[in-house]
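Okay, here's what each chain looks like letter by letter:
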Amino acid sequence: MPFLRVFACASLLALSSPVFAQGTQVAFGAIQQDTSAPVEVSADELSVDQNTSAATFQGNVVIGQGQMRLSAARVEVTYRTSGQGIERLQATGGVTLVSGPDAAEAQRADYNIDNGVIVMTGDVLLTQGQSALTADRMTVNLNDGTARMQGRVKTILQTGNN
């Protein structure tokens, strides 16, 4: 979503003191995500490969699970070899993840359904209210509502006077 990038850049410019770090822990989402909830997917196109137990959704892909929403240009769904549900999702192309009031963007996101972990990579931008953080990688743990930003983490923090 270009709006999120513009909003985040404007927020960064409006804030005051810069902080740089190699890794930082942050909260993500307003509530803990129910990783056992059904996954709902909509897209312009679907291709299924029975040999690899995979499905590829393309074009305006939107995925919902509980209060979480993920959108991307392309998402590959890998099913468990037992045939009992989804094992993982791999999203590429303008990935946006929204959980409660928090939103993150990246070039790629890998979601392991079983352990409730999403790894976002490539120009990661996290917005939380008026605050924004950027990094090379963000690992979101949906079970405890935390995220870890790694690789040239940058943010500008408000001093309380703004």
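Given the structure is predicted, the values throughout are model-derived calculations rather than measurements. (Residues numbered from 1 in each chain as written. Predicted model: local features only at pLDDT ≥ 70, side-chain atom pairs only at ≥ 80, totals over all residues. Heavy atoms only, no water.)

Colleague: So, the nonpolar core: which residues are in play, and what are the values?
Modeller: Counting residues in hydrophobic clusters, the biggest one holds 31 residues, and the most contacted among them are Leu-70, Val-75, Leu-89, Ile-118, Met-120, Met-138 and Met-149. Contributing elements (two or more residues each) for this core: strand 4 (54–65), strand 5 (68–79), strand 6 (86–99), strand 7 (102–112), strand 8 (117–128), strand 9 (131–141) and strand 10 (146–157). Setting aside residues up to four positions removed in sequence, Met-120 forms contacts with Val-95, Leu-97, Ala-104, Glu-105, Ala-106, Arg-108, Ala-109, Asp-136, Arg-137 and Met-138. (Core = buried A, V, L, I, M, F, W, Y, C linked by side-chain atoms within 4.5 Å. Buried < 20%, exposed > 50% of the residue type's maximum accessible area, 1.4 Å probe, protein only. Helix = DSSP H or I, 4+ residues; strand = E, 2+ residues; numbered from the N terminus. Contact = heavy atoms within 4.5 Å.)

Colleague: Requested: an account of unusual backbone geometry, with residues and values cited.
Modeller: A positive phi is found at Ser-53, a non-glycine position, where the angle reads about 55°. Locating Ser-53 in the fold gives a position in the loop between strand 3 (45–49) and strand 4. For Ser-53, a relative accessible area of 28% gives the class partly exposed. Its identity as a non-glycine residue notwithstanding, Asp-123 has a phi of 50°, on the positive side. In this fold, Asp-123 is placed in strand 8.

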